[in-house]
2 protein chains.
Amino acid sequence: MGNEPLKGHLDLLVLACLENEPLHGYAIIDSLKQRSSGFFDLPEGTVYPVLHRLEKAKLLTSRWSQQSSRRRRVYRLTRAGKAALAEQTLQWSQFSLAVAGVVGATS
Amino acid sequence: MGNEPLKGHLDLLVLACLENEPLHGYAIIDSLKQRSSGFFDLPEGTVYPVLHRLEKAKLLTSRWSQQSSRRRRVYRLTRAGKAALAEQTLQWSQFSLAVAGVVGATS
DNA sequence: CGCAATTACCTAGCATTACTAGGTATGGGA
DNA sequence: TCCCATACCTAGTAATGCTAGGTAATTGCG
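Draft legend 1. The arrangement of the interface of chain B and chain A in detail. The interface is formed by 32 residues belonging to chain B together with 32 residues belonging to chain A. Summing both partners gives a buried area of about 2,700 Å² for chain B against chain A, and 70% of it is carried by carbon and sulfur. Here chain B is connected to chain A by zero salt bridges. Between the two partners, chain B and chain A, sit two residue pairs in polar contact (both at pLDDT 80 or more). Contributions of two or more residues to the side of chain B that touches chain A are made by helix H1 (10–17), helix H2 (25–35) and helix H4 (79–103) of chain B. With eleven residues, H4(B) is the single largest residue contributor to the side of chain B that touches chain A.

Draft legend 2. A look at the pattern of salt bridges. Residues and elements named next belong to chain A. This structure, assessed with the given rule, holds four salt bridges over all chains. For Asp11, the salt bridge goes to Arg53, with nearest N and O atoms at 2.9 Å. Here Asp11, found in helix H1 (residues 10–17), pairs with Arg53, found in helix H3 (residues 44–56); they are 42 residues apart in sequence, far enough to count as distant. Asp11 gets classed as buried once you look at its relative accessible area, which sits at 18%.

Draft legend 3. Summary view of the packing of aromatic side chains. Counted according to the given criterion, the structure contains nine aromatic pairs over all chains. Measuring from centroid to centroid gives 5.9 Å for Trp92(A) and Trp92(B), while their planes differ by 40 degrees, and the two rings are tilted. With Trp92(A) in helix H4 (residues 79–103) and Trp92(B) in helix H4, this residue pair bridges two chains. The burial state of Trp92(A) is the same as that of Trp92(B); both residues are buried.

Each value, and the rule that gives it
- Residues numbered from 1 in each chain as written.
- Chains lettered and ligands numbered in written order.
- Predicted model: local features only at pLDDT ≥ 70, side-chain atom pairs only at ≥ 80, totals over all residues.
- Heavy atoms only, no water.
- Contact = heavy atoms within 4.5 Å.
- Buried area = accessible area lost by both parts, 1.4 Å probe.
- Salt bridge = Lys/Arg side-chain N within 4 Å of Asp/Glu carboxyl O.
- Polar contact = N/O pair within 3.5 Å; in protein donor to acceptor, adjacent residues only side chain to side chain.
- Helix = DSSP H or I, 4+ residues; strand = E, 2+ residues; numbered from the N terminus.
- Buried < 20%, exposed > 50% of the residue type's maximum accessible area, 1.4 Å probe, protein only.
- Phe/Tyr/Trp six-rings, centres within 6.5 Å; stacked < 30°, edge-to-face > 60°.

This is how it looks when you write it as structure tokens:
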């Protein structure tokens, strides 16, 4: 509760949500919640700044949706974003393995 | 490289190192490196403040070693530290699973 | 023996970043 | 109609890993 375990992993999570389909911010929050079985229930104030940061870094592009009656900014992975997703996924698996190595060293 | 993936997980890693034996700071750095096959090669400026923080939180106690010719501050898990280790280990596994759920949702 | 590298500790300040807490606006259902 | 959910935004805060500096003592090598 108190600690912030997802520091440094949020970018990966958001990128992963957009891998197969463009989504708008609110839908990303929903997607994270569903894919993680409720574990990631992130406030908007967490996700929106991430989207802006990732767009600024040219990993995402966005445009206002015309499909919906509602005002929605839809985000899509750029080529660089896909590359970043691949790399961060790899880094995650390495990191995860390393933690397991340290924590599970009890035997 | 640029991002900080271990934010929020460092406490767990340090606590895990001390689960079976008391260690001094420098040895903890070494232990982390070895247990993770070189992945965690942390600067002292990262680890020492963590030790101080954990001691302040009463998860560790420390004393100057008399065993060695060198000046060493040896840290040991308190009862609360063991409890925290157990809890954070659990939280890590949940977190790890949640990330896998999001990232691996591609199918 | 002299000297450099390693061991071993410490801390002030920086940068990043998730989150809080506020705000705006619109559409749909009761 | 009126409220709730949807949907967006941002300024400021707190936490924390890291940089970059510092101090000493011990060990090993030439």
